[in-house]
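Letter by letter, the chains look like this.
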Amino acid sequence: MATWFNKQSRLIQVILLLIPFVNWIVEILVRWSAFLKTKSLLTLVFAILVTFIGIVFGWIDLIWCLLFKHLIFAKA
């Protein structure tokens, strides 16, 4: 899912991150798939945080995605 998200156009990424509930679901799927691919401790910490308080990270990731075309610590 992380690879799929990163391959999307920036417009699609921003639209997915702008819609509140969709944002949270996309964040969870992208972060857990990135963790399964990288097995990094930092990626695991962010995946757990997003699972429980994903709304906060959603808006931060929206800005990060606009700048760098991937989520924070989820470039898989």
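Computed from a prediction, not measured in an experiment: that's the story for all the values here. (Residues numbered from 1 in each chain as written. Predicted model: local features only at pLDDT ≥ 70, side-chain atom pairs only at ≥ 80, totals over all residues. Heavy atoms only, no water.)

A. Local environment of helix α3 (residues 20-38). Across its 19 residues, α3 extends 27 Å between first and last C-alpha, which sits within 8% of the 27 Å expected from 1.5 Å per residue. Asn23, Val26, Glu27, Ile28, Val30, Arg31, Ala34 and Phe35 are the residues of α3 that are buried. Buried residues along α3 sit against α1 (2-7), α2 (10-18) and α4 (41-68). Positive backbone phi, at 60°, marks lysine 39, one or two positions downstream of α3. (Helix = DSSP H or I, 4+ residues; strand = E, 2+ residues; numbered from the N terminus. Expected span 1.5 Å × (residues − 1). Buried < 20%, exposed > 50% of the residue type's maximum accessible area, 1.4 Å probe, protein only. Contact = heavy atoms within 4.5 Å.)

B. Structural context of α4. Between its first and last C-alpha, α4 extends only 22 Å over 28 residues, short of the 40 Å set by a 1.5 Å rise per residue. Along α4, the sharpest kink reaches roughly 110°, centred on isoleucine 53. In this fold, the buried residues of α4 make contact with α1, α2 and α3. For α4, the N-terminal capping position is held by serine 40, with its side-chain oxygen 3.3 Å away from the main-chain nitrogen of leucine 42. In the segment just after α4, lysine 69 is the residue with positive phi, at about 65°. (Bend = angle between axes of the 7 residues up to and from the residue. Polar contact = N/O pair within 3.5 Å; in protein donor to acceptor, adjacent residues only side chain to side chain.)

C. Representation of the packing of α2 against α4 in the model. Between α2 and α4, the least distance of the axes is 9 Å, while the angle of their chain directions is 175°. The angle between α2 and α4 falls in the class roughly antiparallel. Mapping the contact onto sequence places Arg10, Gln13, Val14, Leu17 and Leu18 in α2 and Trp59, Asp61, Leu62, Cys65, Leu66, Leu67 and Phe68 in α4. A class-by-class count of the residues in the contact of α2 with α4 yields nine nonpolar, one polar and two charged. (Axes fitted to C-alpha atoms, helices over the stretch in contact; angles between N-to-C directions. Parallel < 35°, antiparallel > 145°, perpendicular 65-115°, else oblique. Nonpolar A, V, L, I, M, F, W, Y, C, P; charged D, E, K, R; others polar.)

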